[in-house]
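Observations on chain architecture
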Amino acid sequence: SDSNGVFKYGMEGDPDLQFLLQGGDLLKVRSSSWKKTRYYRLMEDCETMWYESKKTFKTNQKFLLDDISAVRIGRQSEGLKKYTEEHVECRCFSIMFKSCRKNLDLVASSEEEAKQWTNSLQKMISNLSNLNSQQKTEHWILSCLNKADKNRDDKLNISELKNFLHLINIEMDDDYTEMLFKKCDTSKSGYLAGEEIEHFYDLLTHREEIDVIYGEYAKTTGFMSPQNLVDFLIKEQREKATLADAHNIIQKNEPDENAKEKKLLSKDGFLMYMHHPDALVLNPDHREVYQDMSQPLNHYFISSSHNTYLMEDQLRGPSSTEAYVKALLKGCRCVELDCWDGSDDEPEIYHGYTLTSKILFKDVIKAIKEYAFKVSDYPVILSLENNCSVKQQEVMAQHMSSILGSALITSPLGDGMPINFPSPEELKGKFLIKGKRLNKLEASFAPEGEEDDDTDMTEEEDDEDEHEEEQRKKKKLKLAKELSDMVVYCRSVPFHSFEDARENQSFYEISSFKEGKAMKLAEESANSYIRHNVDKLSRVYPAGSRAGSSNYNPVPLWNAGCQIVALNFQTTCTNMDVNQGRFLVNGKSGYILKPAFMRDIDTEFDPITLTRGDWLKPKTLHVMVISAQQLPKVNQKESSIVDPLVKVAVYGVAADNAEKETSYVENNGFNPEWNETFQFDVYVPELALVRFTVEDYDSVSDNEFIGQYTLPFNSLKMGYRQVPLLNRNGDVLPSAGLFVHIMVLDAE
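As annotated in an unreviewed UniProt entry, the protein carries the name Phosphoinositide phospholipase C and comes from Sander lucioperca.

Next up, the structure:
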């Protein structure tokens with residue numbers, strides 16, 4: 001059973017796989033003084049990398065291929081740039097992880113070997129990700145079987161079987177296990193082998209609820225014909241389905257060649273289809289860019305990060321270019337750069353007056369340039385928090401100009417003074433600078449000699465700068481003309497009142513609001529805030545008191561039309577999940593078009609009082625939480641099995657906020673069933689999000705988080721749907737899922 005993984009991935013005899021299984025020595029680099037040789041190899045399951053030190057033979061070091069987000073050749077990571085010499089460039093590579101695990105920086109003994117490692121790892125990773133979720137389920141079971149078979153004889157005795165059940169997170173009483181064991185042990189040998197193990201697996205993966213649904217519609221010699229499938233899709237799933245669609249589904253999902261030939265869908269094929277990305281709870285049409293991207297930039301909610309340079313907390317955490325890479329790869333479109341004078345005339349980025357570490361401004365701009373458009377083509381806003389001397393501001397301008405080149409917007413699009421923002425479509429692949437400007441944009445269009453007579457000072461900030469103490473000392477900040485001229489569509493100005501803004505603020509002038517002030521305005525003058533945001537941009541940032549980088553709830557601020565609601569991307573929490581749920585759709589472009597009633601200057605919409613208007617489209621949401629599959633253990637303690645419960649919550653305007661929860665199922669993370677129904681009234685569906693959370697019930701302390709999925713209300717599909725589950729970090733839990741039934745009706 002050692003080669004289990006090899007057969008599983010259909011990679012017998014593959015040279016890259018053989019190379020990884022054999023493994024070899026690599027130099028692991030942690031600092032200029034910590035560089036040690038480690039022996040790395042892939043384990044037989046073809047999923048786990050294992051390494052040990054030659055001296056101590058410590059072998060507890062492992063990581064999963066599935067946890068790797070990228071393998072980068074060369075001295076690309078911060079660690080390798082800092083701690084290795086340029087001449088080893090071609091021998092270096094680094095492994096980046098999805099989880100919070102630090103990069104692994106490695107040096108091979110030759111360029112050839114470095115290439116072999118990176119190519120082989122990349123090949124295995126892409127093979128892993130190509131497994132569809134049904135295969136994933138299967139390989140999950142098989143790798144557990146492999147672990148449970150202690151004596152490696154390809155047979156499981158009763159104690160190995162109990163071990164296996166424990167590994168797959170299922171607690172059965174001994175009588176039940178023995179009963180199943182006897183049922184499968186047809187050869188009466190006292191152990192299970194070959195087909196008996198498969199039979200045991202079938203009994204385990206049996207899904208009662210799927211059987212019932214399948215049975216209702218499988219009216220053709222015990223199978224589903226294309227017509228049966230169309231009936232199911234139209235009646236239960238509320239899809240506009242044709243016979244051609246049904247043929248296509250059978251072609252794609254039926255594993256049994258005989259059934260496929262007869263154009264029939266077996267129960268296994270049906271289960272596979274239910275797990276297909278097109279059949280999940282998220283409307284597949286919304287996975288791509290489906291909204292109008294030609295509206296002015298300020299008509300969109302924009303995925304935004306605060307103190308982007310931090311990996312952890314605000315006071316002591318490390319600053320890192322990797323933090324920018326991570327945020328951009330999560331779809332973030334507005335990043336923040338806190339700039340201070342550094343040595344050798346090189347400006348630095350860090351959290352001023354704290355113990356956070358420092359990084360070079362130019363390195364950050366390079367990292368942003370490299371990763372800005374990997375996930376989304378739409379524009380990235382660089383929000384400058386500028387504390388530099390005029391001299392180093394000139395250096396900042398030079399770096400941005402030379403590194404970003406023609407991708408940097410340095411003058412308005414089109415001829416003459418603009419009267420509105422360009423659209424995300426027109427700004428594809430471009431960078432915008434948000435920062436101070438010496439004079440109004442109009443001045444650069446004035447005839448010679450009539451220029452605005454602004455001095456080279458900026459006005460005193462009130463809320464704009466986040467280091468208020470210091471601000472009082474410096475009051476006036478000198479501004480370099482080169483940097484000032486780069487600010488076109490996002491000139492930072494202080495906010496005094498909505499009335500003042502109507503009279504004096506141009507469309508390209510943006511105010512920043514501390515969360516407390518913004519929340520107050522969103523509660524007390526929501527309609528004025530919405531109208532303000534119809535022709536201007538607003539940025540909101542977390543209170544300075546959130547030293548641990550916690551986050552506030554972005555929903556009330558979106559409801560007030562604020563576009564740039566900046567969160568600490570480095571922190572995992574419900575509010576960050578909600579943010580990622582809002583930006584899950586529209587191709588994960590980081591731009592979501594605001595509803596029409598928030599783009600009209602005369603709008604009467606108020607999310608608090610909810611007066612009548614075309615935003616009121618009352619719906620009733622019925623959710624039946626049916627079951628879950630393969631929930632991971634939260635506690636790694638040997639004895640613990642989860643007691644799962646499910647919470648369903650709606651986030652939106654005040655009247656729509658609600659949360660319901662199921663009872664908990666005792667000791668079953670493998671296939672718990674609830675069959676509990678909830679009903680929600682949703683008045684403004686266009687602003688609502690739905691969140692499913694699975695927790696491990698604890699009678700003594702807070703429940704423990706297992707997984708969640710958040711999506712916009714209008715992106716829900718109806719009928720029987722699988723809901724993927726994401727871990728705290730926002731990555732998909734490979735085999736886990738929730739099974740629900742959704743119905744959305746027009747409320748009377």
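Some points on the nonpolar core
By size, the foremost hydrophobic cluster in this structure holds 109 residues, and its most contacted members are Leu-337, Leu-382 and Met-400. Residues in contact with Leu-382, not counting those within four places in the same chain, are Val-335, Leu-337, Ile-365, Ile-368, Met-400, Leu-404, Phe-431, Leu-432, Ile-433 and Lys-434.

Overview of the state of the cysteines
Throughout the structure, instances matching the rule amount to zero disulfides. For Cys-388, which is in no disulfide, the shortest distance to another cysteine sulfur is to Cys-339 and amounts to 5.5 Å. For Cys-388, a relative accessible area of 3% translates into the label buried.

Details of the sheet that holds strand 2 (residues 35-42)
Spatially, seven strands are ordered 4-3-2-1-7-6-5 in an open sheet, and the strand pairing comes out antiparallel. This sheet does not close on itself; its edge strands, each paired only once, are strand 4 (61-64) and strand 5 (68-73). When the angles between neighbouring strand axes are averaged without regard to direction, this sheet yields 30 degrees. Note that strand 1 (residues 24-29) and strand 7 (residues 104-107) share two bridges and pair antiparallel. Each bridged residue has a counterpart across the sheet, and for Lys-28 the counterpart in strand 7 is Leu-106.

Digging into the packing of aromatic side chains
Note on aromatic pairs: each is described by the distance of the centres and the angle between the planes. Evaluated as defined, the whole model comprises 26 aromatic pairs. Arranged with centres 5.7 Å apart and planes meeting at 25 degrees, the rings of Trp-340 and Tyr-350 form a pair that is stacked. With Trp-340 in strand 11 (residues 334-340) and Tyr-350 in the loop between strand 12 (348-349) and strand 13 (359-360), the pair connects residues that are ten residues apart, well separated along the chain. Judged by relative accessible area, which is 11%, Tyr-350 ranks as buried. When the ring of Phe-421 is compared with that of Phe-507, the centres are 5.1 Å apart and the planes differ by 85 degrees; the resulting orientation is edge-to-face. Highlighted residues: Phe-421 in the loop between helix 16 (390-404) and strand 15 (431-435) and Phe-507 in the loop between helix 19 (498-504) and strand 17 (509-514), separated in sequence by 86 residues. Every member of this aromatic cluster is reached through a ring pair, and the members are Tyr-40, Tyr-51, Phe-63 and Phe-97. Stacked on the ring of Phe-680, the Lys or Arg Lys-660 has its end atom at 4.8 Å from the ring centre. Lying across the ring of Phe-705, Arg-728 places its NZ or CZ 3.8 Å from the centre.

Remarks on the UniProt feature "binding site: Ca(2+) 5" (unreviewed entry) in the protein
UniProt's feature table lists "binding site: Ca(2+) 5" (unreviewed entry) at Asp-696, Tyr-697 and Asp-698, given in the numbering used throughout. Tracing the chain through its elements places Asp-696 in strand 25 (residues 689-696). In this view, Asp-696 contacts Val-634, Val-642, Asp-643, Asn-703, Glu-704 and Ile-706; residues no more than four positions away in its chain are not counted. Among the secondary structure elements, Asp-698 is positioned in the loop between strand 25 and strand 26 (704-712).

Focus: helix 2 (residues 15-22)
All of the buried residues along helix 2 are Asp-16, Leu-17 and Leu-20. What you see down the axis of helix 2 is that its buried residues fit within an arc of 95 degrees, all on one side. Facing away from the buried side of helix 2, by more than 90 degrees, are the exposed residues Pro-15 and Gln-22. A distance of 2.8 Å separates the backbone nitrogen of Asp-16 from a side-chain oxygen at the start of helix 2, and that oxygen is part of Asp-14. Once helix 2 ends, the next one or two residues include Gly-23, with phi positive near 75 degrees.

Describing the UniProt feature "binding site: Ca(2+) 3" (unreviewed entry) in the protein
According to UniProt, the feature "binding site: Ca(2+) 3" (unreviewed entry) maps to Asn-307, Glu-336, Asp-338 and Glu-385 in the numbering used here. These annotated residues cover 79 residues of sequence, but their C-alpha atoms sit close together, with the largest distance between any two at 9.7 Å. Looking at the element boundaries, Glu-336 is found in strand 11. Judged by relative accessible area, which is 1%, Glu-336 ranks as buried. Looking at the element boundaries, Asp-338 is found in strand 11.

Considerations on the environment of Thr-572
Mapped onto the elements, Thr-572 comes out in the loop between strand 19 (564-567) and helix 23 (574-582). Among the residues examined, Thr-572 registers a relative accessible area of 33% and is labelled partly exposed. For the pair formed by Thr-572 and Arg-728, sequence separation is 156 residues and the distance between their alpha carbons is 5.9 Å. Not counting residues up to four positions away in its chain, the partners in contact with Thr-572 are Arg-728 and Asn-729.

What counts, and at which threshold
- For every chain, the first residue of its written sequence is number 1, and the numbers climb from 1 along that sequence.
- Only residues with pLDDT of 70 or above have their local features reported here, since the model is predicted, and side-chain atom pairs are shown and tallied only from 80 upward, although totals for entire chains, interfaces and linings are computed over all residues.
- No hydrogens and no water enter the side-chain calculation; it runs on all heavy atoms of the structure.
- To form a nonpolar core, buried Ala, Val, Leu, Ile, Met, Phe, Trp, Tyr and Cys residues must be joined to one another through side-chain atoms within 4.5 Å.
- Partly exposed residues are those whose accessible area sits between 20% and 50% of the maximum for their type, while under 20% is buried and over 50% is exposed, using a 1.4 Å probe and protein chains only.
- Contacts are assigned to residue pairs with any non-hydrogen atoms lying within 4.5 Å of each other.
- Pairs of cysteine sulfur atoms within 2.5 Å are what we label disulfides.
- In this description, strands pair whenever DSSP reports at least two bridges between them.
- Helix and strand definitions follow DSSP, with helices as H or I runs of at least four residues and strands as E runs of at least two, each counted in order from the N terminus.
- Structural elements are reduced to axes, namely lines fitted to C-alpha atoms, with helices fitted over the stretch in contact, and the angle between N-to-C directions of any two is expressed from 0 to 180 degrees.
- Geometry of aromatic contacts follows a simple scheme: Phe, Tyr and Trp rings, the Trp one being its six-membered ring, pair when their centres are within 6.5 Å, and the pair is stacked under 30 degrees between planes, edge-to-face over 60, tilted otherwise.
- By definition, being over a ring means that NZ of Lys or CZ of Arg is both within 6 Å of the ring centre and within 35 degrees of the ring normal.
- UniProt positions are given in the numbering used here, feature names are shortened, and annotations may be inferred rather than shown by experiment.
- It is the directions from the helix axis to the C-beta atoms whose arc is reported.
- Under the rule applied, a polar contact is a pair of N or O atoms within 3.5 Å (in protein, one hydrogen donor and one hydrogen acceptor; residues adjacent in sequence only if both atoms are side-chain atoms).

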